[in-house]
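Chains, contacts and geometry: an overview
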Amino acid sequence: LGILGGCSTGTSDRDLRFVTCLEAMQILEQKTGAFGSRGDTVNVWLDPRTLTEYEEGHIPRAISLPFPEIENSYESRLRSAAAIVVYDSNWNDVIAVSASKRLMELGHSDVYTLKGGLEAWVADGHDVEKGSPTEAVEEQAGRQ
């Protein structure tokens, strides 16, 4: 019956919302709350690659949360985010797709996947940061 009715709690590629760099920046700059009334943003760039890959280069203000840790860290690190844009290394890397699907399965409704990942970000002329995650970035993502 599940096959005939199409019942499934999983996510598929059809559930994904791919965005360009410009669209992602516009989404993440939006104010949160009803009609932007809160005035602060709790929107997150999420880098699900390994910590080593993150340290070698990442989108400024991105949160490092390697894919295997998403399920265990979601409540404490991402639950308060209004929107999450997930990215990976390039056009052929599937880690962002997998991470986006996992976030949706955990109940997050405002998840986007960056087309082309960090490669597209750089090709569009945007800066990349290097080094370990900073406390300021981590604190912003964890705000309740």
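Residues numbered from 1 in each chain as written. Predicted model: local features only at pLDDT ≥ 70, side-chain atom pairs only at ≥ 80, totals over all residues. Heavy atoms only, no water.

1. Notes on the side chain of His 58
Quick note on the threshold: Helix and strand labels come from DSSP, where a helix needs a run of H or I of at least four residues and a strand needs a run of E of at least two; each type is numbered from the N terminus. In the analysis that follows, any N or O atom pair within 3.5 Å is treated as a polar contact, provided that within protein one partner can donate a hydrogen and the other can accept it, and provided that, for residues neighboring in sequence, both atoms belong to side chains. Contacts between residues were defined by any pair of non-hydrogen atoms, one from each residue, lying within 4.5 Å.
Its place among the elements puts His 58 in the loop between α3 (51-56) and β3 (63-64). Reaching out from His 58, the side chain makes a polar contact with the backbone oxygen of Tyr 54 at a distance of 2.8 Å. What His 58 contacts, discounting residues up to four positions off in sequence, is Asp 47, Arg 49, Tyr 87, Leu 118, Val 128, Glu 129, Lys 130 and Gly 131.

2. Notes on the sheet that holds strand β2 (residues 44-47)
Strand pairing in a sheet relies on backbone hydrogen bonds, with the paired strands running either antiparallel or parallel. As a reminder, the rule being used: Two strands pair if DSSP finds at least two bridges between them. As a rule, the C-alpha atoms of each element are fitted with a line to give its axis, helices using only the stretch in contact, and angles between N-to-C directions run from 0 to 180 degrees.
With parallel pairing, 5 strands are arranged side by side in an open sheet as β1-β5-β4-β2-β3. A strand with exactly one partner marks an edge of an open sheet, and here the two such strands are β1 (18-19) and β3. Pairing of β1 with strand β5 (residues 111-114) involves 2 bridges; the strand directions are parallel. Across the sheet, residue Val 19 finds its bridge partner in β5, namely Leu 114. Packing of helix α5 (residues 95-105) onto the sheet brings it into contact with β1, β2, β4 (84-86) and β5, and relative to β5 it is tilted by some 180°.

3. Examining the side chain of Asp 47
Which entries qualify depends on this criterion: Relative accessibility thresholds used throughout: buried, under 20% of the residue-type maximum; exposed, over 50%; partly exposed, between the two (1.4 Å probe, protein chains only).
Checked against the element boundaries, Asp 47 lands in strand β2. Classification of Asp 47 by relative accessible area gives buried; the value is 0%. There is a polar contact of 2.8 Å between the side chain of Asp 47 and the side chain of Tyr 87.

The quantities given are spatial measurements derived from coordinates; they are silent on function.
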